[in-house]
Amino acid sequence: MTDPIVSVRKLMKRYGNGFEALKGVDLDIEEGEILALLGPNGAGKTTLISAICGITTPTEGTITVGGHDTVRDFRAARALIGLVPQEINLEPFEPVAGTVAFSRGLFGKPRNPKLIARVLDSLSLGDKATARVRELSGGMKRRVLIAKALSHEPRVLFLDEPTAGVDVELRRGMWEIVADLKRQGVTIILTTHYIEEAEAIADRIAIIDAGRILLVEEKAALMARMGQKVLHVALTSRLEDVPKTLSSYNLSLSEDGRSLIYTYDTRAARTGVVRLLAAIDAAGLQVADVTTQESSLEEIFVGLTRHEPKEAVA
Amino acid sequence: MNLAAIRAIYVFEMQRFFRTLAQSVVSPVLSTSLYFVVFGAAIGSRIETVEGIPYGAFIVPGLIMLTVLTQATSNASFGIYFPKFIGTIDEILSAPLSFIEITFGFVGAAATKALFIGLITLATAFFFVDLAILHPVWMLVFLILTCVSFALLGFIIGIWADNFEKLQLVPLLVITPLVFLGGSFYSISMLPPAWQTVTLFNPVVYLVSGFRWSFFGEVDVAIELSVAMILLFLALCLGTIWWIFRTGWKLRK
């Protein structure tokens, strides 16, 4: 395995008022992957990104990007990074192409109007190159921010809540842009609190809460490992209560009384499904249909960040 | 050194200036003309000469200094305050730059604008008074040094300010009084001895005196002292900026 492109070690950030935004974060990001950093508001997502990008000075800990320390060798480290901030921070009176070219200059790259035009085209902003920023819609402004971040051909791109306040269609457009960048070999770290978004585009998911990384896992492995499944057994007849002979199972009755709901853990050696079905048969109930449902990332996420054991689905 | 970044910031700032060229130039030309009408023609005609120099000509260096100081400070303070205000400062802080490039870009642009307006003010003065410049090279040196040092001061003010009121506060409450009390429109020798001593604590005195020397060869304070004071002021501002970026004061969270 190659060295991680971004490596964060024991990162602490304490503010003047004593508030600890990051409490010892360790995180490795592999080259070419899409990592979704998931967490509730105030979890430390933006602080972590700001520290890696050099906007916030960490209290303790080290960060390397492409093997370069972000403090001692900050020029080499930062040259590899593009940042799309959460807030739409743009000079309102600048022409679009001008503000993107400015970003390229800031990162020490020689002028390249062709590349800027290509970046704008790839973000469907080609016809807005000479328009002033303030004339653009919110979705376009967000794409201008992406164009600015891509203007210096970064190897690592941070997207801080790229789809906050963006409508469904634009959000899908944004996912396509991200997928396209991944194909070009750009490593992408995005923060989000839309679980749907992480589920749709991430390779790995890191969950952060109260300044700590709770877990980092492959998306599929995470969902398989932590997934709980729900078995719905639809019956031909209506029940008032769960039959006594089935009381040893963790069962509940649906509201209409027409199906039994069984929650089980896919990790368990025995899921108990076969035994349950036999018991249902023995109880003299007629099974009309059986369906299973995998718990979503959202449920996993809520379970983790609430700091309490996950309850059985009622 | 990231030269492309210095150029990017400098060009960006200068473009803002040229977009609003009319208002950038018209207002100093107008205010200079008003000063000449009021001080030069109306009042000056009764004063005649100060230290052997016709009063209309005598006030030219002070008037240019007034304009340059105000312009350098306000341009530089606004230049760095605006990105802070709208949040684009984050991009600058996350770029591979040190304080040197950021300062060069912003202060360089603000000083250029101030120099440009100072020269326009000088050109305007030629329409109103007979003027000869004794040491033109020194005149330019003083002008450039002043532009740079007060652009540095403005840069510090822009970083310090966290609202628009503070941005206006220092120019209004500190710089304007210092310029008016710094011998812009009179010779320090015209003051009672006690006030002359007080005046020597005003840094603008040295600027105006040195600048006036480059025009007429007449001084309030020794020319070497003027040069030394302006260099000291420059060094103080640079030191402060170095400290600001080293500690992240008011810039980094």
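A quick note: this is a predicted structure, and the numbers were derived from the prediction, not measured. Every chain begins its residue count from 1, and numbering advances along the sequence as written. Think of it this way: whatever chain is written first is A, whatever ligand is written first is 1, and the rest follow in order. Per-residue local features are limited, in this predicted model, to residues with pLDDT of at least 70; the limit for side-chain atom pairs, both in listing and counting, is 80 or more; totals at the level of whole chains, interfaces and linings are taken over all residues.

Student: Sorry, what's going on with the overall build of chain A here?
Tutor: A tally of regular secondary structure across chain A gives 10 helices and 14 strands. Scaling as 2.2 N^0.38, a compact globule of 314 residues should have a C-alpha radius of gyration of about 20 Å, whereas chain A reaches 25 Å, well beyond that. For chain A, the C-alpha atoms occupy an extent of roughly 80 × 45 × 40 Å along the three principal directions. Per-residue burial over chain A gives 37% buried out of 314 residues. Contacts in chain A between residues far apart in sequence, at least 24 positions, make up 69% of those at least 6 positions apart. Secondary structure is summarised from DSSP: a helix means a run of H or I of at least four residues, a strand means a run of E of at least two, and numbering begins at the N terminus for each. Within these notes, the globule rule equals 2.2 Å times the number of residues to the 0.38 power, and the radius of gyration is based on C-alpha atoms. Residue burial here comes from a neighbour count, namely the number of other C-beta atoms, placed from the backbone, that lie within 10 Å of the residue's own C-beta, with 20 or more meaning buried, 12 or fewer meaning exposed, and in between meaning partly exposed. Note on contacts: each residue gets a C-beta atom placed from the backbone, and two residues are in contact if those atoms are within 7 Å.

Student: Is there a simple way to explain helix 1 (residues 45–53) of chain A in this structure?
Tutor: Residues and elements named next belong to chain A. In terms of burial, helix 1 is largely enclosed, as 9 of its 9 residues are buried. The set of residues buried in helix 1 consists of K45, T46, T47, L48, I49, S50, A51, I52 and C53. Among the residues trailing helix 1, G54 stands out with phi positive, at a value near 95°.

Student: So what exactly am I meant to see when it comes to the pairing of strand 4 (residues 60–65) of chain A here?
Tutor: The two faces of the sheet receive side chains in turn, since in a regular strand these alternate between them. Residues and elements named next belong to chain A. For two strands to count as paired, DSSP must find a minimum of two bridges between them. Pairing between strand 1 (residues 6–14) and strand 4: 5 bridges, direction antiparallel. Residue pairing in the sheet places V6 in a bridge with V65 of strand 4. Between strand 4 and strand 5 (residues 68–69), which pair antiparallel and follow one another directly, the connecting turn spans 2 residues, one of which, G66, has a positive phi of 60°.

Student: Hey, could you run me through the packing of helix 3 (residues 55–86) of chain B against helix 6 (residues 136–160) of chain B in this one?
Tutor: When two helices pack together, you describe them by how their axes are tilted relative to each other and by the distance separating the axes. Close contact between helix 3 of chain B and helix 6 of chain B brings their axes to 7 Å; oriented N to C, the two are set at 40°. Here the hand of the crossing between helix 3 of chain B and helix 6 of chain B comes out right-handed. Here an axis means a line fitted to C-alpha atoms, over the contact stretch when the element is a helix, while the angle between two N-to-C directions is reported on a 0 to 180 degree scale. Two helices cross in a left-handed way if the nearer one is turned anticlockwise from the farther one by less than a right angle. They cross in a right-handed way if the turn is clockwise.

Student: What's the story with the pairing of strand 9 (residues 204–209) of chain A in this structure? I'm lost.
Tutor: Residue and element names in this part refer to chain A. Counting buried positions along strand 9 yields 5 of 6 residues, so the element is predominantly enclosed. Relative to strand 9, strand 3 (residues 34–38) runs parallel, the two sharing 4 bridges. If you follow L37 over to strand 9, its bridge partner there is A206. The pairing of strand 9 with strand 10 (residues 212–218) spans 6 bridges and is classified as antiparallel. The residue of strand 10 that forms the bridge with I207 is L215. Where strand 9 hands over to strand 10, the hairpin turn is made up of 2 residues, of which A210 adopts a positive phi near 50°.

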